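Inside the fold
As a plain string of letters, each chain reads:
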Amino acid sequence: MTRRSRRLALIAVALAVIGFAAGIALYALRDNIVFFYSPSEVAEKAVQPGARLRIGGLVKADTLVKSSGQNVAFVVTDGAHELKVAYQGLLPDLFREGQGVVAEGVLAAPGELRAETILAKHDERYMPREVVDALKKQGRWQEGEASAK
C-alpha cells in the first residue's frame, strides 16, 4: 500500500466517522426540532396534524376565552389567516389581546394548535423577531406599531 493510498483511506474513514456521528446527532435531536410558522404559512404549507411547531402572530381581539381551571383558548392571526390555540396553564402576565405572542405545541387539527408553551412580549416595544418578520411579509407591520399599543 502506497503512502498516497493510505492517506486517502484515512481521509475516507474520517469522513465516514464524521458522517455517522452527524447522523446519530440528528436522529437524537429529531423530536426537539421545532419550526416557526405564521398562520398563513400553516395554511399554505398544509402542515399535517401531529407536527410540533411554533406559531407567531397577534392575539386577535375578543377571542380570549378562559374556561374552568386554567384552560384558555384564543386565536392567533397575522392579518391574512387565523389559527385557534388551546392552552392549559397560566398565561404570562403580559399576555393580552392585540399583542404579539408565540405559542409552541402540537397541531391537533387543521387550524387548531394545542399549545404547551405561551411566550408573550416582555416590554411595550418588544415583539419576537419571527413574528415581526412574518407580519412584515404579510404587509401588516409598521415600525411604530408595537409602541402605539
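Residues numbered from 1 in each chain as written. Predicted model: local features only at pLDDT ≥ 70, side-chain atom pairs only at ≥ 80, totals over all residues. Heavy atoms only, no water.

1. So, the pattern of salt bridges
Threshold: Salt bridge, as used here: a side-chain nitrogen of Lys or Arg that lies within 4 Å of a carboxyl oxygen of Asp or Glu. Numbering of helices and strands runs from the N terminus, with a helix taken as a DSSP run of H or I at least four residues long and a strand as a DSSP run of E at least two residues long. Type-normalised accessible area, obtained with a 1.4 Å probe on protein chains alone, sets the label of each residue: buried when under 20%, exposed when over 50%, and partly exposed for intermediate values.
Under the criterion given, the structure shown has 4 salt bridges. Put simply, E116 and R52 hold a salt bridge, and the shortest N to O gap is 3.0 Å. Pair noted here: E116 is in strand β7 (residues 112-120) and R52 is in strand β2 (residues 52-59), with a separation of 64 residues, a long-range link. Of the residues examined, E116 reaches a relative accessible area of 46% and is grouped as partly exposed. Owing to a relative accessible area of 28%, R52 belongs among the partly exposed residues under this scheme. Note that R54 and E104 form a salt bridge whose closest N and O atoms lie 2.8 Å from each other. Here E104 lies in strand β6 (residues 100-109) and R54 lies in strand β2, a separation of 50 residues in the sequence.

2. Some words on helix α3 (residues 129-138)
How we decide: Regarding the arc, it is the one traced by the directions from the helix axis to the C-beta atoms. For this analysis, residues touch if any pair of their heavy atoms sits within 4.5 Å.
Among all positions in α3, only V131, V132, A134 and L135 are buried. One side of α3 holds all its buried residues, which, seen down the axis, span an arc of 165 degrees. Turned more than 90 degrees off the buried face of α3, the exposed positions are R129 and K137. Buried residues in α3 make contact with β1 (35-37), β2 and β6. A positive backbone phi angle near 80 degrees is found at G139, which sits one or two residues after α3.

3. Observations regarding the side chain of E104
Note the threshold: Polar contacts, as used here, are pairs of N or O atoms within 3.5 Å; protein pairs need one atom able to donate a hydrogen and one able to accept it. Residues neighboring in sequence count only if both atoms are side-chain atoms.
Judged by its relative accessible area of 15%, E104 falls in the buried class. Separated by 2.8 Å, the side chains of E104 and R54 make a polar contact. Apart from the residues within four sequence positions on either side, E104 is in contact with V34, R52, L53, R54, A115, E116 and T117.

4. A few points about the pairing of β2
Remark: a regular strand shows side chains that alternate across the two faces of the sheet. The line we're drawing: With the strands aimed away from the viewer, a crossover counts as right-handed if its path from the first strand over the helix to the second runs clockwise. Note on pairing: two strands pair once DSSP finds at least 2 bridges between them.
Burial of β2 is extensive: 6 of the 8 residues sit out of reach of the surface. Regarding the hand of the β-α-β motif, the stretch spanning β1, helix α2 (residues 39-45) and β2 is right-handed. One ladder, built from 7 bridges, connects β2 with β6; its direction is antiparallel. Paired with I55 across the strands is A103, a residue of β6. Bridge analysis of β2 against strand β4 (residues 71-77) gives 2 bridges, and the strand direction is antiparallel. Among the inter-strand pairings, V59 is bridged to a residue of β4, identified as V76.

5. Some details on unusual backbone geometry
Its identity as a non-glycine residue notwithstanding, D62 has a phi of 65 degrees, on the positive side. Looking at the secondary structure, you find D62 in the loop between β2 and β3 (65-66). Judged by its relative accessible area of 73%, D62 falls in the exposed class.

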